[in-house]
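# Fold and geometry: a report
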Amino acid sequence: GEDVEQSLFLSVREGDSSVINCTYTDSSSTYLYWYKQEPGAGLQLLTYIFSNMDMKQDQRLTVLLNKKDKHLSLRIADTQTGDSAIYFCAEMVGGSARQLTFGSGTQLTVLP
Amino acid sequence: NAGVTQTPKFQVLKTGQSMTLQCAQDMNHEYMSWYRQDPGMGLRLIHYSVGAGITDQGEVPNGYNVSRSTTEDFPLRLLSAAPSQTSVYFCASSYANSGDTQYFGPGTRLTVL
């Protein structure tokens, strides 16, 4: 079955790098996503990576994908207080349903 | 574009009451879906639709009905609310092509007493 796991909490100092990790179990995943949720708000897509890639960089964000270990990470460089939020990893498995399976989310707290 | 809109933002129901959560999008997206978010858990798919007139069940469909009479609207109905349905509900939409971004609404926070 499909399962996506993340650690629940991460604290970093402002200006440091943050690394949020995610593991998934379905090897037929086609796309893997990172969403950000600020308090009281909906989910905002940060970035995504296609399963045949191993890295994607977008400004301060770097996504690394290790298909062999089914491990996905999101690195945020120069973390700012505005980055404090819950970060969700999600996978899409191929097929007509286009369903997303989400992890439980990682609460990132950026300390001044 | 307004994107994905949801109403109401907050709702309190008593057990056994019925209500409809509204979702609308103005991006001409074929695909729409409903998720619920519970504390300490990720979002779980309730129902989805790949186009007008077509709906299907997700991971947790029991207690919910949907319909898709137009491309723009995808209402979620609770016929007889139960405390287990206390949650935050998110609607999302996207184009039908694989990998296309799913856009999420701001959510409806529902409490069932």
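Figured I'd write up the structure that's included with this text. Predicted model only: the values in this text are computed from it and were never measured. Just so you know, the residues in each chain are numbered from 1, in the order the chain's sequence is written. Think of it this way: whatever chain is written first is A, whatever ligand is written first is 1, and the rest follow in order. Confidence filtering applies because this is a predicted model: local features only for residues at pLDDT of at least 70, side-chain atom pairs given and counted only at 80 or more, and all residues used for totals across whole chains, interfaces and linings. As a convention, hydrogens and water are excluded, and side-chain values are obtained from all of the structure's heavy atoms.

### Here's the deal with the packing of aromatic side chains
For Phe, Tyr and Trp, rings pair up if their centres lie within 6.5 Å, where Trp contributes its six-membered ring, and each pair is then called stacked (planes under 30 degrees apart), edge-to-face (over 60) or tilted (otherwise). Going through the model one piece at a time under the given rule, you end up with 13 aromatic pairs over all chains. An aromatic cluster of three or more residues is present, and its members are Tyr-31, Tyr-33, Tyr-35, Tyr-48, Phe-50, Phe-88 and Phe-102 of chain A together with Tyr-35 and Phe-104 of chain B. Geometrically, a charge over a ring is one whose NZ (Lys) or CZ (Arg) sits within 6 Å of the ring centre while staying within 35 degrees of the ring normal. When the ring centre of Tyr-48 of chain A is taken as origin, the NZ or CZ atom of Lys-56 of chain A, which lies over that ring, is 4.2 Å away.

### Observations regarding the sheet that holds strand 3 (residues 18-24) of chain A
Residue and element names in this part refer to chain A. Spatial ordering of the open sheet is given by 1-3-8-7-6, a layout of 5 strands whose pairing is antiparallel. Every other strand in the sheet has two partners, leaving strand 1 (4-6) and strand 6 (55-58) as the edge strands with one partner each. Adjacent strand axes in the sheet meet at a mean angle of 15 degrees, parallel and antiparallel pairs treated alike. Should DSSP find at least two bridges between two strands, the strands are taken to pair. Here a helix means four or more residues in a row that DSSP labels H or I, a strand means two or more in a row labelled E, and each is numbered from the N terminus. Bridge count between strand 1 and strand 3: 3 bridges; the pairing is antiparallel. Paired with Val-4 across the two strands is Tyr-24, which belongs to strand 3. The axes used here are C-alpha line fits, helices contributing only the stretch in contact, and every angle between their N-to-C directions lies in the interval 0 to 180 degrees.

### Considering the state of the cysteines
All names here are of chain A. Whenever a pair of cysteine sulfur atoms sits within 2.5 Å, that pair is classed as a disulfide. In the structure shown here, the tally under the stated rule is 2 disulfides over all chains. Note on cysteine connectivity: Cys-22 is disulfide-linked to Cys-89, with sulfurs 2.0 Å apart. Between Cys-22 and Cys-89, the S-S torsion sits near -65 degrees, and that sign places the bridge as left-handed. Taken together, the residues span a long stretch of sequence, with Cys-22 in strand 3 and Cys-89 in strand 9 (residues 85-93) at a distance of 67 residues. Here Cys-22 matches Cys-89 in class, with each residue buried. Note on classification: 1.4 Å probe, protein chains only; a residue is buried when its accessible area is under 20% of the maximum for its type, exposed when over 50%, partly exposed between these limits.

### Structural notes on the interface of chain A and chain B
Taken together, the contact pairs 20 residues of chain A with 24 residues of chain B. Both faces combined, the contact of chain A with chain B buries some 1600 Å², and carbon together with sulfur accounts for 52% of it. Counted as salt bridges are all cases of a side-chain nitrogen of Lys or Arg within 4 Å of a carboxyl oxygen of Asp or Glu. Taken together, the links from chain A to chain B amount to 0 salt bridges. Nitrogen and oxygen atoms within 3.5 Å of one another constitute a polar contact, given that in protein one can donate a hydrogen and the other can accept it, and given that sequence-neighbouring residues count only through two side-chain atoms. Our count for the chain A to chain B interface comes out at 2 residue pairs in polar contact (both at pLDDT 80 or more). Elements that contribute at least two residues to the side of chain A that touches chain B include exactly strand 4 (29-37), strand 5 (43-50), strand 9 and strand 10 (100-102) of chain A. Here the element with the most residues in the side of chain A that touches chain B is strand 4 of chain A; it accounts for 4 residues. The residue classification treats Ala, Val, Leu, Ile, Met, Phe, Trp, Tyr, Cys and Pro as nonpolar and Asp, Glu, Lys and Arg as charged. All others, Gly included, are polar. Grouping the constituent residues of the side of chain A that touches chain B by class yields 12 nonpolar, 7 polar and 1 charged. We call two residues contacting when some pair of their heavy atoms lies within 4.5 Å. When two components associate, each loses some accessible surface as probed by a 1.4 Å sphere; the sum of these losses over both components is called the buried area.

### Comments concerning the nonpolar core
The nonpolar side chains of a soluble globular protein tend to be buried, and buried together. To define a nonpolar core, start from buried Ala, Val, Leu, Ile, Met, Phe, Trp, Tyr and Cys residues and group those joined through side-chain atoms within 4.5 Å. Leu-21, Trp-34, Ile-46, Leu-76, Leu-78, Tyr-89 and Leu-110 of chain B are the most contacted members of the largest nonpolar core, which totals 20 residues. Broken down by element, this core gets its largest block of residues, 3 residues, from strand 3 (residues 19-25) of chain B.

### Focus: the environment of Val-4 of chain B
All names here are of chain B. In this fold, Val-4 is placed in strand 1 (residues 4-7). Judged by relative accessible area, which is 9%, Val-4 ranks as buried. For the pair formed by Val-4 and Gly-63, sequence separation is 59 residues and the distance between their alpha carbons is 24 Å. Each residue touching Val-4, except ones within four places of it in the same chain, is listed here: Cys-23, Ala-24, Gln-25, Met-27, Cys-91, Ser-93, Tyr-103, Phe-104, Gly-105 and Pro-106.

### A look at the pattern of salt bridges
Residues and elements named next belong to chain A. Per the stated rule, a full pass over the model turns up 5 salt bridges over all chains. Note that Lys-36 is salt-bridged to Glu-38, the shortest N-O span being 3.4 Å. The exposure class assigned to Lys-36 is buried, which follows from its relative accessible area of 9%. The partly exposed category is assigned to Glu-38, whose relative accessible area is 36%. The partner of Asp-83 in a salt bridge is Arg-60, and the shortest N-O contact between them spans 2.9 Å. Residue Asp-83 is located in the loop between strand 8 (71-76) and strand 9, and its partner Arg-60 is located in the loop between strand 6 and strand 7 (61-66); the two are separated by 23 residues in the primary sequence.

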